[in-house]
Amino acid sequence: MSAPEEDNDDMTAEAVIARAIARRGEIFDEFKLLAQESPHTYDLISKTAGYMHHYEGEEGAAQTLSGTMRELIALCQLCAKGDDRFAANHVRRLWQRGVTNKAMVEAATSIAPIVGWSTIAHVTLAMLTANDPAYPFGKRPPDGAPKTLTPFAEMTIGREKKTTTNESLLNTPEWQYVAALEPELARRAALWVDHCLLPTGAKDELLGPGPRELIAIAALCARGEAEFAAQHIRRAYDYGLTPLQVLEAISCVLPMTGALTVQIGARAMQLAETLP
């Protein structure tokens with residue numbers, strides 16, 4: 001029996017770097033050093049990230065989320081962590097896919113209720129950095145950010161809700177408690193969160209509430225909040241998204257938050273199955 005294909009790969013640093021560049025187009029200097037010091041470590045990183053983020057030739061036939069949606073989720077999580085240097089590269093990757101700045105800002109708005117709205121500023125900072133010709137990683141389109149959005153699958157899904165439950169932040173037990181103590185605080189917080197995630201919030205959304213929930217769910221799992229993530233997973237299901245789509249969304253943040261995030265996500269998905 002022949003060995004698995006990856007076991008037959010040349011594990012010299014030069015070969016590992018060449019394969020990574022073939023998948024992704026470029027790699028950061030720090031990863032070149034990593035590949036020189038521990039080729040097998042970086043080879044596994046490149047292969048794993050390649051599958052999750054749809055690098056060249058790494059897409060899986062059974063995967064359901066588009067490469068564009070995966071990049072949006074990754075960009076938001078990188079900015080939530082303050083990884084501005086990496087984030088600008090992902091902006092350029094999204095520009096190459098025909099994604100406008102407006103779509104990226106909308107994705108960032110979807111993660112903001114979980115990690116704070118400073119993340120939106122990190123996304124716009126990444127755009128400014130990506131537009132600087134001096135930034136060395138990735139290819140900047142000749143005209144900069146695209147003016148017209150290239151459609152992707154998640155723009156048309158997750159817009160119609162199967163239930164009639166009230167999804168406002170003010171309908172949660174925790175914020176009802178807050179409202180009893182400080183009603184104006186609760187009102188203003190709910191206006192913000194509902195704007196970010198609900199169909200009645202954003203007035204000109206490119207992403208429906210279902211895909212917005214995917215971004216929020218991944219962020220909740222990265223924070224270790226399995227119980228809250230389960231509630232948002234149920235909401236995603238109510239908008240017609242599937243367990244596989246939810247799992248794939250969570251997996252998109254594994255490279256920057258760890259495999260534990262996916263384990264927490266699986267726990268949240270199991271909890272979601274028990275919710276009414």
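Rules used in this analysis
- Residues numbered from 1 in each chain as written.
- Predicted model: local features only at pLDDT ≥ 70, side-chain atom pairs only at ≥ 80, totals over all residues.
- Heavy atoms only, no water.
- Phe/Tyr/Trp six-rings, centres within 6.5 Å; stacked < 30°, edge-to-face > 60°.
- Buried < 20%, exposed > 50% of the residue type's maximum accessible area, 1.4 Å probe, protein only.
- Salt bridge = Lys/Arg side-chain N within 4 Å of Asp/Glu carboxyl O.
- Helix = DSSP H or I, 4+ residues; strand = E, 2+ residues; numbered from the N terminus.
- Polar contact = N/O pair within 3.5 Å; in protein donor to acceptor, adjacent residues only side chain to side chain.
- Contact = heavy atoms within 4.5 Å.
- Expected span 1.5 Å × (residues − 1).

1. A short note on the packing of aromatic side chains
A complete count under the given rule lists six aromatic pairs for this structure. For the pair Tyr-135 and Phe-137, a centre-to-centre distance of 5.7 Å together with 75° between the ring planes defines the contact as edge-to-face. When its relative accessible area of 8% is taken as the criterion, Tyr-135 is described as buried. An aromatic cluster of three or more residues is present, and its members are Phe-28, Phe-31, Tyr-42, Phe-86, Tyr-135 and Phe-137.

2. Here we look at the pattern of salt bridges
Tallied over the entire structure, the rule returns 16 salt bridges. A salt bridge links Glu-248 to Arg-70; the nearest nitrogen and oxygen atoms lie 3.0 Å apart. In this pair, Glu-248 is assigned in helix H12 (residues 243–251) and Arg-70 in helix H4 (residues 67–80), connecting sequence segments 178 residues apart. Salt-bridge contacts for Glu-71 lead to Arg-93; the nearest nitrogen and oxygen are separated by 2.9 Å.

3. Structural notes on the side chain of Glu-26
Along the chain, the position of Glu-26 falls in the loop between helix H1 (13–24) and helix H2 (29–37). Among the polar contacts listed, one links the side chain of Glu-26 to the side chain of Asn-89, at a separation of 3.1 Å. Those residues in contact with Glu-26, other than ones at most four positions away along the chain, are Ile-21, Asn-89, Arg-93 and Gly-138.

4. A short note on helix H10 (residues 209–222)
Taking 1.5 Å as the rise per residue, H10 with 14 residues should run 20 Å; its terminal C-alpha atoms sit 20 Å apart, in good agreement. Taken across its 14 residues, H10 has 13 buried, putting it largely inside the fold. After H10 finishes, the residue Gly-224 shows a positive phi value of roughly 85°.

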